Amino acid sequence: ASPRYSLMNFGVRIDEVRKTMVAERRIFEACRIINGKSGRPDFSVEGLGLHVGYKSRVTFTRAFKSITGLTPSAYIEAAGKLSRSDKSLLSGDDL
């Protein structure tokens, strides 16, 4: 391969890594917001996506599922169940 092709290919790879890092940072922030609100964010899924930098619910949901393995709605539901479980353990309700 020519040096020019190699340089262009390197640039494409760097751009892909940058985009992945940005997406991971955005999704991490969304998860932090969800977990900080005990699984009940003050945002709709679309609003949460907009808040962390996505322009559409579809794009946000696709990125979220790609990174976490769950849709935002499923993650919110799981976080809510975990939160309720933790609260009952802390309050001694299960004893």
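The structure this text deals with has already been given above.
This one's a predicted model, so the numbers in the text were calculated from it and none came from an experiment.

### What about the overall build of the protein chain?
- The helix and strand tally for the protein chain stands at four helices and zero strands.
- Along the chain direction, N to C, the helices and strands of the protein chain fall in the order α-α-α-α.
- Out of the 95 residues in the protein chain, the part that is buried amounts to 25%.
- A sequence separation of at least 24 residues applies to 53% of the contacts in the protein chain between residues at least 6 apart.
- A total accessible area of about 6900 Å² is found for the protein chain, and carbon and sulfur atoms account for 58% of it.

### Focus on the nonpolar core
- One finds Ile27, Ile34, Tyr54, Phe60 and Phe64 to be the most contacted residues of the largest nonpolar core, which totals 16 residues.
- Elements with a contribution of two residues or more to this core: helix H1 (3-36), helix H2 (45-51), helix H3 (57-68) and helix H4 (72-91).
- At six residues, the largest contribution of residues to this core is made by H1.
- If we skip the residues at most four places from it in the chain, phenylalanine 60 touches Ile27, Ala30, Val45, Leu48, Gly49, Val52, Tyr54 and Pro72.

### Concerning the packing of aromatic side chains
- Applying the stated rule across the entire model yields three aromatic pairs.
- Relative to phenylalanine 60, the ring of tyrosine 54 lies with its centre 5.6 Å away and its plane at 50°, an arrangement referred to as tilted. Considered together, tyrosine 54 and phenylalanine 60 belong to a single accessibility category, that of buried residues.
- Measuring from ring centre to ring centre gives 5.6 Å for phenylalanine 60 and phenylalanine 64, while their planes differ by 65°; the resulting arrangement is edge-to-face. Within this pair, phenylalanine 60 and its partner phenylalanine 64 are both found in helix H3, separated by four residues, close to a single helical turn.

### Some remarks on H1
- For H1, which comprises 34 residues, the first-to-last C-alpha distance of 49 Å matches the rise-based estimate of 50 Å (1.5 Å per residue) to within 8%.
- Of the positions making up H1, those classed as buried are Ala23, Ile27, Ala30, Cys31, Ile33 and Ile34.

### Remarks on the environment of isoleucine 34
- By secondary structure assignment, the location of isoleucine 34 is in helix H1.
- Along the chain, isoleucine 34 and leucine 48 lie 14 residues apart, while their C-alpha atoms are 8.9 Å from each other.

### Some words on the packing of H1 against H3
- Axis separation between H1 and H3 bottoms out at 10 Å; the angle between their running directions is 90°. Considered as vectors, H1 and H3 are oriented roughly perpendicular to each other. Taking contact as the criterion, the partners of Ala23, Glu24, Ile27, Ala30, Cys31 and Ile34 in H1 are, on H3, Phe60, Ala63, Phe64, Ile67 and Thr68.
- Grouping the amino acids of the contact of H1 with H3 by side-chain chemistry returns nine nonpolar, one polar and one charged.

### Things to note about H3
- When the terminal C-alpha atoms of H3 are compared, their 16 Å separation across 12 residues agrees well with the 16 Å that a helix rising 1.5 Å per residue should span.
- Along H3, the positions that sit buried rather than exposed are Phe60, Ala63 and Phe64. Buried residues of H3, viewed axially, fall in a sector of 100°; they line one side. Of the exposed residues in H3, the ones pointing more than 90 degrees away from its buried face are Val58, Arg62 and Ser66.

What counts, and where the lines are drawn
- Residues numbered from 1 in each chain as written.
- Predicted model: local features only at pLDDT ≥ 70, side-chain atom pairs only at ≥ 80, totals over all residues.
- Heavy atoms only, no water.
- Helix = DSSP H or I, 4+ residues; strand = E, 2+ residues; numbered from the N terminus.
- Buried < 20%, exposed > 50% of the residue type's maximum accessible area, 1.4 Å probe, protein only.
- Contact = heavy atoms within 4.5 Å.
- Areas by Shrake-Rupley, 256 points an atom, 1.4 Å probe, with all protein chains shown as cover.
- Core = buried A, V, L, I, M, F, W, Y, C linked by side-chain atoms within 4.5 Å.
- Phe/Tyr/Trp six-rings, centres within 6.5 Å; stacked < 30°, edge-to-face > 60°.
- Expected span 1.5 Å × (residues − 1).
- Axes fitted to C-alpha atoms, helices over the stretch in contact; angles between N-to-C directions.
- Parallel < 35°, antiparallel > 145°, perpendicular 65-115°, else oblique.
- Nonpolar A, V, L, I, M, F, W, Y, C, P; charged D, E, K, R; others polar.
- Arc of directions from axis to C-beta.

Structural measurements only, silent on function.
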